[in-house]
Every structure is written in structure tokens, then in C-alpha cells.
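Residue-level structure breakdown
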2 protein chains.
Amino acid sequence: MSIQAPIEALRGHEPDVMIAACPSRQVLNHVTSRWGVLVLIALQEQTMRFSALRRHIGGVSERMLAQTLQTLEADGFVQRRAYEVVPPHVEYSLSPLGEEVAGKVSDLAHWIEANLGRIPSVAKD
Amino acid sequence: MSIQAPIEALRGHEPDVMIAACPSRQVLNHVTSRWGVLVLIALQEQTMRFSALRRHIGGVSERMLAQTLQTLEADGFVQRRAYEVVPPHVEYSLSPLGEEVAGKVSDLAHWIEANLGRIPSVAKD
DNA sequence: AATAACGCTAACTTTTATGTTAGTACTTCT
DNA sequence: AGAAGTACTAACATAAAAGTTAGCGTTATT
């Protein structure tokens, strides 16, 4: 008997983002999603509560922040720690795995910030 | 007379992706867009023609590939070179600027490929 | 006594992203 | 002669992402 394989196209393949059905594609999408990137960067700077994150990341809605956090938590990048008090107190932080990706993501973001002036579509005269 | 400023919130600020109106946000979105990431990685490997790119990147439609290439070209990351022959021959490559971002982006993608097994949402037992 | 803060979720709407189909004009392959 | 390849674009349709509003129960603040 063979080991169960997810989809035929993946049989015997190493993970490759160029292959549409490869799970790495989905993880990549979570990480590079509009708010995913920013959440990872924010948490890299410091552990934060839900509302602190919301204030830190300009323009996120509560809904999107909650959703993004859940996705990243499911991927094992973000850790959620809730204290059973009232009013609620919940802290979000990066897992060791999360710190690794966050490093890559923030490298990219900081490169863009630092090189904005070299980008034609942005450069004003 | 003062120098023209884009938006009030940006006056006197260094580029910061956490600020919703900062142009770095938009560039970040282009680069981390679903197909933007993959185009940059593909072109990092080699210069390619439109249809070669399309075959290389699993799942892109012609429309999305064309649109993504135009956006990245406007940002100065991708260079388009067309030969006036028939049938048409168009080559896409990375600009020096593009190679820099592509480096960051492929670091991220390759990290994900290499660490897929550590990611709970993917890991099978 | 009314308000804001906390961390959400559900239901609904809008916007954006992405896909589909068809068409272009010419050439090479079958 | 008919089909396929080339690099696209326009128009249209759909799906996915994101936003909006309202509400939960309790507490501290005003």
C-alpha cells in the first residue's frame, strides 16, 4: 500500500511555489497577504494585545485583524495567550517559527522603505 | 514656497509601512501580490518571454500575468524588451533594482518551501 | 447614569482581484 | 488548408478579500 498523497500533481515533488497546487503557495499567500505582512512585522517588534496591534497597524479593521491573526496562528507563526479576566486580556506574540518568517518579511519591507526614492512609480520631482 | 507634499499624514515622515497612506505600502502590495512574488522569482532565475513565464508559473492567466508585469515595470523592477518581428518576441528581465527585491522575495519563498514540514496547517500525519 | 474599553463574532455590503472568452495579424508546422 | 504559437487587450463575469454595522458582558471612568 502507498502512503496517502494529497493531490496527484504533488506526488514525489519537493515543495515548489511555482506549482499551483503546492501547499507552499498557500502559506506564502498567508504570509504575504495585505495584513499578514504587517502583523508579522508588528509582532516582531513586540508582543502586543489585540487593540494595540490595531492601533499600531494603520488602516486594519477589527475583522481583518482577527481573521489574519487566526490564519497566522493556524500556520503556527503566531501565539495567542488569553488571560481569563474581565475585561478580556489577550496577548499575541510570534512563535519561534514565526520569528524566522517575520525576519524575512521585515527584511523585504525595510528594503522597500529604504529604497522608496529609487522607485519610479513613487519618485516625485 | 514649500515643496509640494503628497498627503498631510506623510509630511516630514520617513517611509513607514505601518502608515496606511505611505507609498511604501503600495509598493509592498505590488511586490507581495499573488503573482508579483512568483514573477520576481521566475525572472530571477532567468530572462523569459511572456509565454515562457506563463508556462513556468503554474496557474497564472494571461490577463493577470500581463497586468502584474505592467505593475512591476512601472515600479522599475522589471524591464520589457520587444523585438519588432512577427510573430511578436518580447523578453522580460529584472532591472538591477528588481534583482534586489527579488532576492528578498525569493529568500522568503525558499524559506517557506524548506520549512513546510514544520508548519502545522500543512503537516500531515 | 452614560460612555469607553476590551476582544471579539455574525450578518451584510462593497470593493478589488482574478478569471473567461473572444479577438488581433502574421507565421510556421502538420 | 487548418491548427497552433506569439503577445497581448477589451469586455464581461465571478470569486475572494475587505469593509461596515451592530452587538456581547463586564468593569472602570467620567
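This structure is a prediction, so every number in the text was calculated from the model and none was measured. (Residues numbered from 1 in each chain as written. Chains lettered and ligands numbered in written order. Predicted model: local features only at pLDDT ≥ 70, side-chain atom pairs only at ≥ 80, totals over all residues. Heavy atoms only, no water.)

1. Observations concerning the interface of chain B and chain A
If you look at the interface, chain B gives 44 residues, while chain A gives 44 residues. Across the interface of chain B and chain A, roughly 4,100 Å² is buried in total on both sides, 73% from carbon and sulfur atoms. Sorting the residues of chain B by area buried against chain A places Met-18, Leu-108 and Trp-111 of chain B first, and these three jointly supply 17% of that buried surface. At the junction of chain B and chain A, the tally comes to 2 salt bridges. Counting every contact that joins chain B to chain A gives 15 residue pairs in polar contact (both at pLDDT 80 or more). Going through the elements one at a time, α1 (23–31), α2 (36–45) and α5 (96–115) of chain B are the ones with two or more residues in the side of chain B that touches chain A. With 11 residues, the top contributor of residues to the side of chain B that touches chain A is α5 of chain B. Per-class residue counts for the side of chain B that touches chain A are 27 nonpolar, 8 polar and 9 charged. (Contact = heavy atoms within 4.5 Å. Buried area = accessible area lost by both parts, 1.4 Å probe. Salt bridge = Lys/Arg side-chain N within 4 Å of Asp/Glu carboxyl O. Polar contact = N/O pair within 3.5 Å; in protein donor to acceptor, adjacent residues only side chain to side chain. Helix = DSSP H or I, 4+ residues; strand = E, 2+ residues; numbered from the N terminus. Nonpolar A, V, L, I, M, F, W, Y, C, P; charged D, E, K, R; others polar.)

2. Quick notes on the packing of aromatic side chains
Tallied over the entire structure, the rule returns 2 aromatic pairs over all chains. Measuring from centroid to centroid gives 6.4 Å for Phe-77 of chain A and Trp-111 of chain B, while their planes differ by 50°, and the two rings are tilted. In this pair, Phe-77 of chain A sits in the loop between α4 (62–74) and β2 (78–83) while Trp-111 of chain B sits in helix α5, so the two residues belong to two different chains. Looking at Phe-77 of chain A, the relative accessible area reads 0%, which means it is buried. Trp-111 of chain B sits in the buried class, given a relative accessible area of 9%. (Phe/Tyr/Trp six-rings, centres within 6.5 Å; stacked < 30°, edge-to-face > 60°. Buried < 20%, exposed > 50% of the residue type's maximum accessible area, 1.4 Å probe, protein only.)

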